[in-house]
Amino acid sequence: MAGKASRAAFGEALVELGARDERIVTVDADLSKSTMTAAFAKKYPERAFNVGIAESNMIGIGAGLALAGRIPFVCSFACFLVGRFETIRISVAYTNANVKLVGTHAGIAIGEDGYSQMGLEDVAMLRALPNVAILQPADELETKQAVAYAVEHDGPVYLRLTRQNLEPVCPLDYRFRFGRWLVLRPGHDVTVVASGGPVWNALQAAGELEAQGISAEVINAATVKPLDEELLLRSAGKTGRVVTVEDHSIAGGLGGGVAELLSEVLPTPVRRLGVTGFGESGDPHGLYAKHGLDPAGIARSVREVLGR
Amino acid sequence: MADARLATIARECRVQIIRMLTHAGSGHPGGSLSVIDVLVSLFFARLRHDPARPAWADRDRVVLSKGHGVPALYAVMAKARYFDEARLPSLRKLGSPLQGHPDRTALPGIEAATGSLGQGLSIAIGEALGLRLAGSSARVYCVVGDGESQEGQVWEAAMSAPKLGQPAHPLDNLCVIVDYNKIQLDDFVARVLDLEPLVEKWKAFGWAVVEIDGHDFDQIAKALDQAEAIRGRPTVVVAHTVKGKGVSFMENDPAWHGKAPKPAEAVQAIREILGVAPSAWDAHLAADAPTRALVAELVGLGG
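Residues numbered from 1 in each chain as written. Chains lettered and ligands numbered in written order. Predicted model: local features only at pLDDT ≥ 70, side-chain atom pairs only at ≥ 80, totals over all residues. Heavy atoms only, no water.

Enquirer: In this structure, what is going on with the overall build of chain A? I would like to understand it.
Expert: Summing up its helical and strand segments, chain A has 13 helices and 14 strands in all. Its C-alpha atoms give chain A a radius of gyration of 18 Å, within 12% of the compact-globule value 19 Å for 308 residues. Projected onto its principal axes, the C-alpha coordinates of chain A cover approximately 60 × 40 × 35 Å. Expressed as a percentage of the 308 residues in chain A, the buried residues total 63%. In chain A, the proportion of contacts linking residues at least 24 apart, taken out of those at least 6 apart, comes to 79%. When the accessible surface of chain A is summed, it comes to about 11100 Å², and 51% of that surface belongs to carbon and sulfur atoms. Here chain A contributes 30 positive and 35 negative side-chain charges, whose respective centroids are spaced 2 Å apart. (Helix = DSSP H or I, 4+ residues; strand = E, 2+ residues; numbered from the N terminus. Rg over C-alpha atoms; globule rule 2.2 N^0.38 Å. Buried < 20%, exposed > 50% of the residue type's maximum accessible area, 1.4 Å probe, protein only. Contact = heavy atoms within 4.5 Å. Areas by Shrake-Rupley, 256 points an atom, 1.4 Å probe, with all protein chains shown as cover. Lys, Arg positive; Asp, Glu negative; His and termini not counted. Charge placed at Lys NZ, Arg CZ, Asp CG, Glu CD.)

Structural data, given as structure tokens:
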């Protein structure tokens, strides 16, 4: 597969940004080769801290660095990072520390390592914290812009990144805007809101559906929190059917947020695609097919929602 | 001489702790009274700080990791004029910046949200590192509880502080003070999960360790002097304290970890803190108008 993993794009962006902004530091817990901060650490060793396999301490140190004026990127696998939810809740969120939390290896797409390494509930947990923004870019271009934005954002940010390579989905002239989604493909029969790794699959599904006479509007939700309410309501109002697509538990993630908003403001049938139950080891494509996150699975769900 | 000044301030702060908790009807007197002498020593004889500029970048920081002791912190902050002492009775009341546990966003001068135990030392380490990176000479003090030291994150942090920043930025700008009052919520620490040998634990993790009586202002001052003089590594001061110190019926009783005194109990507590014999109390009140007004205020709460 061509394309680049969003974790790799993140690592490259951080090295570039680090040259311009002395305040940027990294804090890792023995996974810098996997979170891709290793290049930053090599270039700016005095600004990179590896605290060993101790994620709670890593998060707290990040909070302290932020309180002393640094801009820390605190990085681990999504599950290990957000698994220390109580530390994020108090030391980062309630303290309102300007920490950039970076969770890589999001979702079942990590494949063979299995459930214990898969971030599947991280968005649900962090969505419950009032002041934590959640960004989930879908390709290399968007990731680099999202990282640059995170530096500018005043307050806690969670950046959710993939292990696997991502095909380009955003136009070359794309500009990331916080809280704003992008219609990647206009349509009128159904709204498909996708985020992160499976966005490309949603586009593929839309192509397949078009051949079957179904016009799907595909939206890339790069900001998972806050939702782009305006765009969502406009699209759902037009199509009357919504399908959400994410590599995350179907409980509490993007789909949960979309369903919450629509049920209160514009009751619309919603089908949430994502992971049900625990993840498991396997090849990523097989896992996506099993959970209906591959192009064929997304197209099948859309047809079901439309009753065709 | 410094001792007499600090002792006077600490006595006034103890009275305010009792006042606050009685108004609130809940809170943690035992651990507030055990840590107050350390906090008074920091705020009135140690910190480079400016209550008028709580966000001053080069201020010394105090992170109260044992956040339930925050009435003691509010008392010293009010005394240092971070805010008006008249606000102290709003502790734990709806809309008050004096939250039941520290809220950095609500009250300028609070360095971090704490109260979910075990988290403050990591934050203090991050601040110490950040200050070093910024070339600041400011120091960071972190007050950790003894029961709190059962939290794993405390030891993740303890393991990391002597190593992080080396060799260019050793964290000798960091000083931890353990408020070793020997009691936690359920029972005596030694009965719940003994910390001993505590000094040896910190030494083994690479810290300079000083052991003191945490109610002796001279010993506190000398320990903080030592901590400032030690180069190349952080210092921990293990301060032996008495839970509920200054109030006879609260001292060394786990029951007073987390309950507020009734007004009558509060009046007795204040009398003891001021060192007045029962037989001399009426005469004392007749001569001491502020205390007379305070007693009337608390008795007026009823119950």
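Enquirer: It is not clear to me how the domain arrangement of chain A should be interpreted in this structure. Could you clarify?
Expert: You'll often see interface size given as the accessible area lost when the parts meet. Residues and elements named next belong to chain A. Segmentation of chain A into domains returns domain 1 (4-166) and domain 2 (182-306). Computed over C-alpha atoms only, the centres of domain 1 and domain 2 are separated by 25 Å. Contacts between the two partners involve 33 residues from domain 1 and, on the opposite side, 32 residues from domain 2. Summed over the three residues of domain 1 that lose the most area to domain 2, namely Ile108, Arg127 and Gln136, the buried surface amounts to 32% of that side. The interface formed by domain 1 and domain 2 contains one salt bridge. A salt bridge links Glu260 to Arg127, with the shortest nitrogen-to-oxygen separation between them at 3.0 Å. Linking domain 1 with domain 2 are 20 residue pairs in polar contact (both at pLDDT 80 or more), by the criterion used here. Within the residue set of the side of domain 1 that touches domain 2, elements represented by two or more residues are helix H7 (122-127) and strand E6 (133-135). Top contributing element to the side of domain 1 that touches domain 2 by residue count: H7, with five residues. By residue class, the composition of the side of domain 1 that touches domain 2 is 18 nonpolar, eight polar and seven charged. (Domains from an automatic or database assignment. Buried area = accessible area lost by both parts, 1.4 Å probe. Salt bridge = Lys/Arg side-chain N within 4 Å of Asp/Glu carboxyl O. Polar contact = N/O pair within 3.5 Å; in protein donor to acceptor, adjacent residues only side chain to side chain. Nonpolar A, V, L, I, M, F, W, Y, C, P; charged D, E, K, R; others polar.)

Enquirer: Which parts of the structure should I look at to understand the interface of chain A and chain B?
Expert: On the chain B side, the residues contacting the 24 residues of chain A number 27 residues. Broken down residue by residue, the surface that chain A buries against chain B is led by Asn57, Leu67 and Tyr94 of chain A, which jointly contribute 28%. Taken together, chain A and chain B are joined by zero salt bridges. Counting across the interface, chain A meets chain B through 12 residue pairs in polar contact (both at pLDDT 80 or more). Looking at the side of chain A that touches chain B, the elements that each hand over two or more residues are strand E3 (48-50), helix H4 (55-67) and helix H6 (85-94) of chain A.

Enquirer: Got a minute to help me understand the side chain of Lys100 of chain A in this structure?
Expert: Residues and elements named next belong to chain A. Structurally, the position occupied by Lys100 is in strand E5 (residues 100-104). Buried Lys100, no salt bridge; nearest opposite-charge side chain is Asp154, N-O distance 6.4 Å. Beyond its immediate chain neighbours, meaning those up to four positions away, Lys100 contacts Ile71, Pro72, Phe73, Val74, Ala150, His153, Gly155 and Val157.

Enquirer: Would you mind going over the pairing of strand E14 (residues 270-275) of chain A with me for this structure?
Expert: When a strand is regular, its side chains alternate between the sheet's two faces. All names here are of chain A. Inspection of the sheet shows strand E13 (residues 242-249) paired to E14 by five bridges, in the parallel sense. Along E14, the bridge assignment pairs Val245 with Leu273. Crossover E13 to E14 through helix H11 (residues 254-265) is right-handed. (Pairing = 2+ DSSP bridges. Right-handed = clockwise from strand over helix to strand, strands pointing away.)

Enquirer: Hey, could you run me through the sheet that holds strand E12 (residues 223-225) of chain A in this one?
Expert: In any sheet, the strands associate via hydrogen bonds between backbone groups, in a parallel or an antiparallel arrangement. Residues and elements named next belong to chain A. One open sheet holds the seven strands; their spatial order is E3-E2-E4-E5-E7-E6-E12, and the pairing between them is mixed. What marks the edges here is a single partner per strand, and that holds for E3 and E12. Between one strand axis and the next, the sheet turns by 20° as a mean value, whatever way the strands run. Where strand E2 (residues 24-28) lies against E3, three bridges are found, and the strand directions are parallel. Counted as the bridge partner of Val27 is Phe49 from E3. Packed onto the sheet, helix H8 (residues 140-152) meets E2, strand E4 (71-77), E5, E6 and strand E7 (157-160) and runs at close to 130° relative to E4. (Axes fitted to C-alpha atoms, helices over the stretch in contact; angles between N-to-C directions.)

Enquirer: Where do I start with the packing of aromatic side chains in this structure?
Expert: Two aromatic rings, taken as a pair, are described by how far apart their centres are and by the angle between their planes. Residues and elements named next belong to chain A. In this structure the tally under the stated criterion is 11 aromatic pairs over all chains. Considering the side-chain rings of Phe10 and Phe73, the 6.0 Å spacing of their centres and the 45° angle between planes classify their relative orientation as tilted. With a gap of 63 residues between them, Phe10 in helix H1 (residues 6-20) and Phe73 in strand E4 connect regions that are remote in the sequence. Phe73 gets classed as buried once you look at its relative accessible area, which sits at 0%. (Phe/Tyr/Trp six-rings, centres within 6.5 Å; stacked < 30°, edge-to-face > 60°.)

Enquirer: I'm lost on the environment of Ala48 of chain A in this one. Help?
Expert: Residue and element names in this part refer to chain A. For Ala48, the location among the structural elements is in strand E3. Along the chain, Ala48 and Phe80 lie 32 residues apart, while their C-alpha atoms are 19 Å from each other. For Ala48, the residues in contact, after removing those within four places along its chain, are Thr26, Phe40 and Ala41.

Enquirer: Would you mind showing me how to read the pairing of E2 of chain A here?
Expert: Residue and element names in this part refer to chain A. Counted residue by residue, E2 has five buried out of five residues, so it is predominantly covered. Along E2, one buried face is formed by Ile24, Thr26 and Asp28 and the opposite face, lined by Val25 and Val27, is buried too. Strand direction decides the pairing type here: E2 and E4, joined by five bridges, are parallel. Residue pairing across strands places Asp28 opposite Cys75, the latter belonging to E4.

Enquirer: Please clarify how the sheet that holds strand E9 (residues 182-185) of chain A should be interpreted in this entry.
Expert: Residues and elements named next belong to chain A. Strand order across the open sheet formed by five strands is E9-E11-E10-E13-E14, with mixed pairing between neighbours. If you trace the sheet from one side to the other, it starts and ends with E9 and E14, each paired once. Direction aside, neighbouring strands of the sheet carry axes that sit 25° apart on average. Judged from the four bridges that link them, strand E10 (residues 190-194) and E13 form a sheet pairing that is parallel. Among the inter-strand pairings, Val192 is bridged to a residue of E13, identified as Val243. The sheet contacts of helix H10 (residues 229-239) involve E9, E10, strand E11 (216-220) and E13, and relative to E10 the element is tilted by about 150°. Where H11 meets the sheet, its contacts fall on E10, E13 and E14, and the angle it forms with E13 comes to roughly 145°.

Enquirer: Got a minute to help me understand the pattern of salt bridges in this structure?
Expert: Where side chains of opposite charge bring their charged atoms close, a pairing between them can arise. Evaluation of the coordinates by the stated rule reveals 33 salt bridges over all chains. The closest approach of N and O atoms between Arg23 of chain A and Asp21 of chain A, which form a salt bridge, is 2.7 Å. According to the relative accessible area criterion, Asp21 of chain A is buried, its value standing at 13%. One salt bridge connects Arg46 of chain B with Glu228 of chain B, and the closest N-O pair in it is separated by 3.2 Å. Residue Arg46 of chain B is located in the loop between helix H2 (29-45) and strand E1 (61-64), and its partner Glu228 of chain B is located in helix H8 (residues 217-229); the two are separated by 182 residues in the primary sequence. Accessibility expressed as a relative area gives 27% for Glu228 of chain B, which makes it partly exposed. If you follow the salt bridges from partner to partner, you end up with Lys4, Glu12, Glu140 and Lys144 of chain A in one network.

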